[in-house]
Amino acid sequence: MSKQIHLVSFQIHSPINHTVLSWAAPGDNRLDALGDLRKWQDLARTLERGKFDGLFFADTPGVFDRYRDSHEDAVKYGVCWPSHDPVVLLSALAASTENLGLAATMSTTAYKPWSIVRQLSTIDYLSGGRVGWNIVTGHLRGEHRALGYSEVMEHDRRYDAADEFMEICYRLWGSIGEGAIIADRESGVFADPDKVAFVDYHGEFFNCETVGPVLPSAQRRPVLFQAGTSGRGLRFGIEHGDVVFSIQPNLPGMKRYMGQLQDAAASLGRKAPGVLFGVQPILGGTEEEARRNLDDLVDRLPLDGCLARLSGTMGVDFAGIDLDKPMQEQATNASQGLMKAFTSVLGDRPFTLREVAIKWGLAVGMPQLVGTPEQVADQLESIWRETGCHGYNMTPNVMPSSIEAFVDEVVPILQKRGVFRTEYEGRTFAENLELA
Ligand SMILES: Cc1cc2nc3c(=O)[nH]c(=O)nc-3n(C[C@H](O)[C@H](O)[C@H](O)COP(=O)(O)O)c2cc1C
């Protein structure tokens, strides 16, 4: 268990964060932020004021196109569309902060190992070691279609390909050895070629012949995040993730996941990585007000927009299925872990398709922590203690006011209880996450 709770703000560079139609919510500034870098910089500074470990961007390149076999509902409601590139934001955010970790999702389908190492390590080097990478294999059909692939590669083979991808990344990150850089102005020698290893990799999926493209940062390489929850995904996360994310609908699901992760790690002879659970705090001055705020969010959700997102993540077209019957597990080549988590019985009865669609519309299945600042702090502390998780990947509802309220009202309570930092302990993202 971590010494303290770790907090990461879970964002998307699109008109919505995770809540469908949040761009239309009264007071939400996301549409302005899409065209104004300063709003993102303000957000990063707010998170830094709240001593957050990091700001993390999910990314779903392409468009959700499974529901009714069309992209139209995603486009109509602005469901993660347009999907602006998160990586280009990171350097601007690094320039406006000193301590905040900055992470982006990049898929092993959309990029080559060399290009990810080069892009992320350049920002990691420039920022003094504050970058993270969420490794995803790319499970969306829309992403594959956008990139010109006619088929989505089979689920487990995507992870096999991603293993190779990572092997090349590690070699590139390790290529520039200790003492390699001489930079002697007198002799004009920049580096000792004997200390720069040539990467000569030929695999089933990828080839790479070159030397490391970027100087090693203060943390040597970006912090690696991963979020696969299927059997094969868990293995990949254990083998490569410094930290793993999980979305579970409730506490029993979180506990079950922790057990699965521990068992899988033990069977691989490894230590399980720390877990950040996805949650969505919904605050109010009173519990009733917080509940009303949640009800208002639910009332605004367009069901077709929610189903567009759910169908995309699950890789299944949910059009025409009875919304009020329990959601049935279906074979999928997309997110097998999430499909299982939301079709399992984790309470007194299974979730209906309508309930899951609404959960997806609110926050892709992340549970809402509803209440006064004190009550939300209680929930964050008790889940952390009961599950032994590392902390939370937290999605806001209204931007940026819900984050400002969290920083001003919940963070001081956690700090007073001694479960959250009052100052950054380390220099790098890895150090602040207790990984170094
Ligand atoms: C918390 C969480 C966040 C995720 N973020 C992204 C993302 O930003 N982009 C993406 O393409 N996939 C994302 N995924 C999908 C996973 O990385 C993974 O590809 C998918 O869940 C299928 O893996 P599985 O079947 O092993 O669970 C996320 C999944 C989870 C649980």
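Everything quoted here is computed from the prediction, not taken from an experiment.

What follows is about the pattern of salt bridges. Considering all chains together, one arrives at 30 salt bridges under this definition. With a shortest N-O distance of 3.0 Å, Asp-53 and Arg-421 are connected by a salt bridge. On the criterion of sequence distance, the pair formed by Asp-53 in the loop between helix 2 (37-49) and strand 2 (54-58) and Arg-421 in the loop between helix 15 (401-416) and helix 16 (429-432) is long-range, its members being 368 residues apart. Each member of the pair, Asp-53 as well as Arg-421, carries the same accessibility label: buried. With a closest N to O distance of 3.9 Å, Glu-239 and Arg-235 form a salt bridge.

Taken together, 20 residues are adjacent to the ligand, and Asp-59, His-155, Tyr-159, Ser-230 and Ser-335 come closest. His-155 is positioned with one of its side-chain polar atoms (N or O) 2.6 Å from an oxygen atom of the ligand. Measuring from an oxygen atom of the ligand, one finds a backbone N or O atom of Gln-336 at 2.8 Å. A total of 620 Å² of accessible area belongs to the ligand in isolation, and the protein chains cover 96% of it.

Right, let's talk about the nonpolar core for a bit. A general tendency of soluble globular proteins is for nonpolar side chains to be buried together. If you look at the biggest cluster of nonpolar residues, it comprises 76 residues, and the most contacted ones within it are Trp-133, Leu-380 and Tyr-392. Core analysis: the second largest hydrophobic core is formed by 53 residues, Ile-16, Phe-225, Leu-323 and Leu-338 among them.

Going from Trp-81 to Pro-82, the amide bond is cis rather than trans, its omega being -5°. Mapped onto the fold, Pro-82 is located in the loop between helix 3 (72-77) and helix 4 (87-95). The linkage connecting Met-399 with the following residue, Pro-400, adopts the cis geometry, with an omega of -10°. The residue Pro-400 is located in the loop between strand 13 (391-394) and helix 15 in this model. Unusually for a residue other than glycine, Ala-183 sits at a positive phi of about 45°. Mapped onto the elements of the fold, Ala-183 is located in strand 5 (residues 181-184).

Attention now moves to empty space enclosed by the protein. Taken as a whole and assessed by the stated rule, the structure comprises three cavities of 30 Å³ or more. Taken as a whole, the largest cavity encloses approximately 710 Å³ of empty space. Forming the boundary of the largest cavity are 42 residues, of which Val-136, His-139, Ala-227, Ser-335 and Leu-338 lie nearest the centre. Broken down by secondary-structure element, the contributors of at least two residues to the lining of the largest cavity are strand 1 (6-12), strand 2, strand 4 (131-136), helix 7 (155-174), strand 10 (243-246), strand 11 (274-283), helix 11 (303-314) and helix 12 (336-343).

The UniProt record annotates "domain: Luciferase-like" (unreviewed entry) at residues 30-390. Annotated as residues 30-390, this span is 45% helix and 16% strand, and its ends, taken at the C-alpha atoms, are 29 Å apart.

What follows concerns the packing of aromatic side chains. Geometrically, a pair of aromatic rings is defined through the distance of the ring centres and the angle of the planes. A complete count under the given rule lists 16 aromatic pairs for this structure. With a centroid separation of 5.8 Å and 45° between ring planes, the pair formed by Phe-225 and Phe-429 is classed as tilted. Taken together, the positions of Phe-225 in strand 9 (residues 223-226) and Phe-429 in helix 16 put the pair 204 residues apart, joining distant regions of the chain. Here Phe-342 and Phe-351 contribute two aromatic rings whose centre-to-centre distance is 6.3 Å and whose plane-to-plane angle is 35°, an arrangement assigned as tilted. This pair shows no difference in class: Phe-342 is buried, exactly as Phe-351 is.

As a further point, take the packing of helix 14 (residues 373-387) against helix 15. Put simply, helix 14 and helix 15 touch, their axes get as near as 9 Å, and they point 55° apart. Judged by the angle between their axes, helix 14 and helix 15 are oblique. Handedness of the helix 14/helix 15 crossing: right-handed. Contact residues: Pro-373, Glu-374, Val-376, Ala-377 and Leu-380 in helix 14; Phe-406, Glu-409, Val-410, Ile-413 and Leu-414 in helix 15. Of the residues belonging to the contact of helix 14 with helix 15, the class tally is eight nonpolar, no polar and two charged.

Tracing the chain through its elements places Gly-320 in the loop between helix 11 and helix 12. Taking the C-alpha atoms as reference points, Gly-320 and Tyr-67, separated by 253 residues in sequence, lie 9.9 Å from one another.

Within the secondary structure, Asn-17 is located in the loop between strand 1 and helix 1 (30-34). Relative accessible area serves as the criterion here: at 2%, Asn-17 is assigned to the buried category. Of note is the side chain of Asn-17, whose polar atom sits 3.1 Å from the backbone nitrogen of Ile-12. Of the polar contacts made by the side chain of Asn-17, one reaches the side chain of Arg-30; its length is 3.4 Å.

Next up on the list: the pairing of strand 10. In the case of a regular strand, side chains alternate between the two sheet surfaces. Here strand 10 shows no split at all, with Val-243 and Phe-245 on one side and Val-244 and Ser-246 on the other all buried. Relative to strand 10, strand 9 is paired through two bridges, and the arrangement is parallel. By the bridge assignment for strand 10, Gln-226 is matched with Val-244. You can see the chain leave strand 9, run along helix 8 (residues 231-240) and come back into strand 10, and the turn it takes is right-handed. Relative to strand 11, strand 10 runs parallel, the two sharing four bridges. Each bridged residue has a counterpart across the sheet, and for Val-243 the counterpart in strand 11 is Gly-274. In this view, the connection linking strand 10 to its parallel neighbour strand 11 by way of helix 9 (residues 251-267) has right-handed handedness.

What counts and how
Residues numbered from 1 in each chain as written. Predicted model: local features only at pLDDT ≥ 70, side-chain atom pairs only at ≥ 80, totals over all residues. Heavy atoms only, no water. Salt bridge = Lys/Arg side-chain N within 4 Å of Asp/Glu carboxyl O. Helix = DSSP H or I, 4+ residues; strand = E, 2+ residues; numbered from the N terminus. Buried < 20%, exposed > 50% of the residue type's maximum accessible area, 1.4 Å probe, protein only. Near = heavy atom within 4 Å. Polar contact = N/O pair within 3.5 Å; in protein donor to acceptor, adjacent residues only side chain to side chain. Areas by Shrake-Rupley, 256 points an atom, 1.4 Å probe, with all protein chains shown as cover. Core = buried A, V, L, I, M, F, W, Y, C linked by side-chain atoms within 4.5 Å. 1 Å grid on protein atoms, 1.4 Å probe; cavity = no way out; pocket = protein on both sides within 12 Å on 5 of 7 lines; lining within 4 Å. Points joined across faces, edges and corners; volume = space filled by probe spheres on them. UniProt positions renumbered as here; feature names shortened; annotations may be inferred. Phe/Tyr/Trp six-rings, centres within 6.5 Å; stacked < 30°, edge-to-face > 60°. Axes fitted to C-alpha atoms, helices over the stretch in contact; angles between N-to-C directions. Parallel < 35°, antiparallel > 145°, perpendicular 65-115°, else oblique. Left-handed = near helix turned anticlockwise from the far one by under 90°. Contact = heavy atoms within 4.5 Å. Nonpolar A, V, L, I, M, F, W, Y, C, P; charged D, E, K, R; others polar. Pairing = 2+ DSSP bridges. Right-handed = clockwise from strand over helix to strand, strands pointing away.

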